[in-house]
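Each chain is listed here by its residues.
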Amino acid sequence: MSHDALLEFDYESDERAILIFRSVEREVGEIAGDRSRTTVERDGETVVVRVSADDLVALRAGLNTWQTLVGVAEDVSESGAGHLPLGSGTK
C-alpha cells in the first residue's frame, strides 16, 4: 500500500520561489531511503513537494525531512537576501 502527501509552500515572488526550489530540488535522490520517493516542482510562486512512501512511518520521516530542508532554505535565503545573485547555479 502506498501513502502520499503533498506540501505546498507559497512565496511572495517568483524569484523567492525559484531560490527555494533550486536549494531543495538538488536533494531529490540524494537522501537515503528505499521506502519513500520525493519530487519537487515549482509553479509560479509555489514550491510543491510530493512525498510517496510504502508505509506511514516512512511517510512521516520523509515529510519531516523535506519540511526541514525547505525551512533551512527559507532561513538562509532570508539571512542572505540581496547578497547572492539569483542567476548563479543551474536550472
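Residues numbered from 1 in each chain as written. Predicted model: local features only at pLDDT ≥ 70, side-chain atom pairs only at ≥ 80, totals over all residues. Heavy atoms only, no water.

### Thoughts on the overall build of the chain
Short version of the rule: Labels follow the DSSP assignment, with helices taken as runs of H or I lasting at least four residues and strands as runs of E lasting at least two, numbered in each case from the N terminus. Three labels apply to residues, based on accessible area from a 1.4 Å probe with only protein chains included: buried if under 20% of the type maximum, exposed if over 50%, partly exposed otherwise in between. By the convention used here, residues are in contact when the closest approach between their heavy atoms is within 4.5 Å. What sets the accessible areas is the Shrake-Rupley method with a 1.4 Å probe; for residues, cover comes only from the shown protein chains.
Across its full length, the chain carries two helices and three strands. Listed N to C, the secondary structure of the chain is β-α-β-β-α in terms of helices and strands. When each of the 91 residues of the chain is scored for burial, the buried share is 34%. Considering only contacts within the chain whose residues lie at least 6 apart along the sequence, 67% involve residues at least 24 apart. Accessible area of the chain: about 5,800 Å², with a carbon and sulfur share of 51%.

### Quick notes on the pairing of strand 3 (residues 46-53)
As a reminder, the rule being used: We treat two strands as partners when DSSP finds at least two bridges between them.
With six of eight residues buried, strand 3 is to be regarded as a mostly interior element. Pairing geometry for strand 1 (residues 3-10) and strand 3, over eight bridges, is antiparallel. The partner of Leu 6 across the bridge, within strand 3, is Arg 50. Between strand 2 (residues 36-43) and strand 3, which pair antiparallel and follow one another directly, the connecting turn spans two residues, one of which, Gly 44, has a positive phi of 65 degrees.

### Describing the packing of helix 1 (residues 14-25) against helix 2 (residues 56-79)
Spelled out, the test is: Whenever a helix is involved, its axis is fitted only over the stretch in contact; in every case the axis is a line through C-alpha atoms, and angles between N-to-C directions fall within 0 to 180 degrees. Between 65 and 115 degrees an angle is taken as roughly perpendicular, under 35 as roughly parallel, over 145 as roughly antiparallel, and anywhere else as oblique. Left-handed is the label given to a crossing in which the near helix is rotated counterclockwise from the far helix by less than a right angle, and right-handed is the label when the rotation is clockwise. Lys, Arg, Asp and Glu make up the charged group, whereas Ala, Val, Leu, Ile, Met, Phe, Trp, Tyr, Cys and Pro make up the nonpolar group; the residues left over, Gly among them, are polar.
Relative to each other, helix 1 and helix 2 sit at 130 degrees, their axes nearing to 9 Å. Relative to helix 2, helix 1 is oriented oblique. In the packing of helix 1 onto helix 2, the handedness of the crossing is right-handed. Mapping the contact onto sequence places Arg 16, Leu 19, Ile 20, Ser 23 and Val 24 in helix 1 and Trp 66, Leu 69, Val 70, Ala 73, Glu 74, Ser 77 and Glu 78 in helix 2. Residue composition of the contact of helix 1 with helix 2, by class: seven nonpolar, two polar and three charged.

### A word on the confidence of the model for the chain
As a reminder, the rule being used: A score between 0 and 100, pLDDT records how confident the predictor is in each residue.
Summarising the model, the chain shows a mean pLDDT of 86, and 85% of its residues fall at 70 or more. When mean pLDDT is compared element by element in the chain, strand 1 scores highest at 96, while helix 2 scores lowest at 91.

### What about the environment of Arg 22?
If you trace the backbone, Arg 22 turns up in helix 1. Its relative accessible area of 16% is what places Arg 22 among the buried residues. Measuring from C-alpha to C-alpha, the distance between Arg 22 and Val 47 comes to 10.0 Å, with 25 residues separating the pair along the chain.

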